[in-house]
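Observations on the three-dimensional arrangement
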Amino acid sequence: MTNPHIRNVAIIAHVDHGKTTLVDALLRRSGLFREGQDVQERLMDRMDLERERGITIAAKNCAVRWGDTKINIIDTPGHADFGGEVERALSMADGALLLVDSAEGPLPQTRFVLNKTLEAGLKVIVVVNKIDRKDARPEKVLDEVSDLFIDLDATDEQLDFPLLYAVGLQGIARRDLSSPGEGLELLLDMIVEEIPGPVVHPERPFQMLVSDLGYSDYLGRLAIGKTHNQPVSSAATLIRIDADGQTQPLKVGKLQVYEGLSINDTASAQPGDIVMLAGLDEVHIGDTICTAEAPRALRRITVDEPTVSMLFLRNTGPLAGRDGRHVQSTKLGERLKRETLRNVSLRVEAGPDAEGFLVSGRGEFQMAILIETMRREGFEMCVGRPEVIYGEANGARTEPIERVYIDCGESYSGVVTEKLSVRRGRLVGLVNHGNGRARLEFSVPSRALIGFRDELLTDTRGTGIMNAYLEGYEPYRGDFPTRFTGSLVSDRSGSAVPYALFNLEPRGTIFLSPGDPVYEGMVVGEHNRDNDLDVNPCKTKKLTNMRAAGRDDNVILTPPRIMTLEAAINFIRADELVEVTPASLRIRKRTLAATERKRER
């Protein structure tokens, strides 16, 4: 039987197709806020990085009441690098809203999240969003969505999906394009009617799969998940079954449920609801919490294997310890291990030669978000260049291959094709909608995309849009150059001098401003040629007792290239590191002393 009073629905889509905005509108329409109340936008984006970048990074829960039904809403990320969050969120859902942009149509992450949803056997409601765009093409997008369902081997029942057209920002929904726009009560009614309630087996004992973790300074560790079969009370004595099948007793300190955007205490929760258990000493995502009388584990959450790894080291530079609070290697290791408790797609192991930590994940963007989060917490570290994780099949090396979609102006399609061909990419499709832009489809090794996004923006004058998803593993396609330029490396410590920087400008692009501290082995610029060059950015003009006929001209410097974290990670070579502190980013050689680097070469 199903619980008719609860609906658990995940909202899935590609990046920037309007998930979080639609959740805002649903919260308003459900009557959560009083009329005229001042409410900020993107309520579910609670992390500072999410608000700054305009993307969802972590899956989050909320709940609304619609009639006699409680609807638990799970807002999921739309970026491919955070796919582990989607897989975790779907374990709590009984259905999904698939949002598709009425102009862009289904994109790579749309395929990824829909495939995971169909594999889980969930009911899907398709919402064609942003139909008010000038370049909207909702009929063609609907055809593309149907083709995508067929391509993903959807069942006949899944192919007969309910459909709505919407403008999430304005809170408008309609059943077809010719009907007048209505409020989002149409969507809420469809969720209640079309999404099944959670399945309940009253004869079976209580079970709960831990799908998320939290922490409270007052309550300790928190386990979040969907309950099964029986109600649970706050005074229940339960056990936890870990990955090895071992059981450990636990007593629930507090039981909480979602109501709107808040979390409320409750004495008991009905089966099928999403709850939060507090007071657990130790718990991991994928564990089963059940009764001691009938211990039975649920199927653990499984995620796709990581494809990219990065080396995390403690900061060993001469300027270490000036900005950060956490500089020890042990603190760095504890923080990374703590991250793996919440993020099921990350792996942490000891680095080569027991140096640092090797962190594996879905992509370099996921790594950049982790590094940025840690630096804001006061950590100092050095990180290496992202490296793909190779596989092996029949004794031959294989590598991850991505299906890449690039949307750019027609005039830029040639240079994009040329750049990816050099990187062992293959053009497999080209679509021209006749509006001056073309969509190119490539099959490209994952290692070729490290650093390519910045290059694409330069080549297309900032107008190119790139999306990709992991297609699988294929035999190794061969080597290719990753960077055609070298580095300008400081040969001494000191402060950057305008006179020296001015004389270095013909050699390449400078990363420093006058007065910035430098040290031996620090990369101060990009060399025009493909070799590294040791330079002196601290050189001053020699003074004499000869008076010039006229006064010396002022030195006018070209503005330096300011490296963002993602740009720095993509720029470095295998023998370089990015030094990350709360206040600054620096690029340095792994071996700082010039004499030792010469000996290594």
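See the structure above.
Predicted, not measured: the structure shown is a model, and the values here were computed from it. (Residues numbered from 1 in each chain as written. Predicted model: local features only at pLDDT ≥ 70, side-chain atom pairs only at ≥ 80, totals over all residues. Heavy atoms only, no water.)

**A look at the overall build of the protein**
A tally of regular secondary structure across the protein gives 14 helices and 35 strands. Taking 601 residues into account, the globule formula puts the C-alpha radius of gyration at 25 Å, and the protein, at 27 Å, falls close to it. Along the three orthogonal principal directions, the C-alpha set of the protein runs to about 95 × 60 × 60 Å. Here the protein, with 601 residues, has 54% of them falling under the buried criterion. Within the protein, counting contacts between residues at least 6 apart in sequence, those at least 24 apart form 71% of the total. As displayed, the protein has an accessible area near 27800 Å², and 48% of this comes from carbon and sulfur atoms. (Helix = DSSP H or I, 4+ residues; strand = E, 2+ residues; numbered from the N terminus. Rg over C-alpha atoms; globule rule 2.2 N^0.38 Å. Buried < 20%, exposed > 50% of the residue type's maximum accessible area, 1.4 Å probe, protein only. Contact = heavy atoms within 4.5 Å. Areas by Shrake-Rupley, 256 points an atom, 1.4 Å probe, with all protein chains shown as cover.)

**Some points on the pattern of salt bridges**
Within this structure, the stated rule accounts for 38 salt bridges. Taking the shortest distance from any N to any O, the salt bridge between aspartate 407 and arginine 437 comes out at 2.7 Å. In this pair, aspartate 407 is assigned in strand E24 (residues 396-409) and arginine 437 in strand E26 (residues 437-445), connecting sequence segments 30 residues apart. A relative accessible area of 27% means that arginine 437 is categorised as partly exposed. For aspartate 532, the salt bridge goes to arginine 573, with nearest N and O atoms at 3.7 Å. With a gap of 41 residues between them, aspartate 532 in the loop between strand E32 (522-527) and strand E33 (533-535) and arginine 573 in the loop between helix H13 (565-571) and strand E34 (576-580) connect regions that are remote in the sequence. Classification of aspartate 532 as partly exposed rests on a relative accessible area of 28%. Looking at arginine 573, the relative accessible area reads 21%, which means it is partly exposed. (Salt bridge = Lys/Arg side-chain N within 4 Å of Asp/Glu carboxyl O.)

**Digging into the sheet that holds strand E5 (residues 123-129)**
Read across the sheet, 7 strands follow the order E2-E3-E1-E4-E5-E6-E7 without closing on themselves; strand pairing throughout is mixed. Edge positions in the sheet fall to strand E2 (60-66) and strand E7 (172-174), since each has one partner strand and no second. Neighbouring strand axes in the sheet, compared pairwise and without regard to direction, differ in orientation by 30° on average. Both strand E6 (residues 163-167) and E7 contribute to a ladder of 3 bridges, which runs antiparallel. The residue of E7 that forms the bridge with tyrosine 165 is arginine 174. (Pairing = 2+ DSSP bridges. Axes fitted to C-alpha atoms, helices over the stretch in contact; angles between N-to-C directions.)

**A closer look at the packing of aromatic side chains**
Under the definition given, this model contains 4 aromatic pairs. The interplanar angle of 20° and the centroid separation of 6.4 Å between the aromatic rings of tyrosine 405 and tyrosine 469 together place this pair among those described as stacked. Of the two residues, tyrosine 405 is situated in strand E24 and tyrosine 469 in strand E27 (residues 465-475); the sequence distance between them amounts to 64 residues. Exposure class is identical for tyrosine 405 and tyrosine 469. Each is buried. Ring geometry for phenylalanine 511 against phenylalanine 571: centres 5.4 Å apart, planes inclined by 85°, an arrangement best described as edge-to-face. (Phe/Tyr/Trp six-rings, centres within 6.5 Å; stacked < 30°, edge-to-face > 60°.)

**Regarding the pairing of E26**
By the criterion of burial, E26 is predominantly enclosed, with 8 of the 9 residues buried. Direction of pairing for E24 relative to E26: antiparallel, over a ladder of 9 bridges. In the sheet register, valine 404 faces E26, and the bridge partner there is phenylalanine 442.

**Structural notes on the state of the cysteines**
Throughout the structure, instances matching the rule amount to 0 disulfides. We note that cysteine 382 lacks a disulfide partner, and the nearest cysteine sulfur, in cysteine 538, lies 20 Å from it. (Disulfide = S-S within 2.5 Å.)

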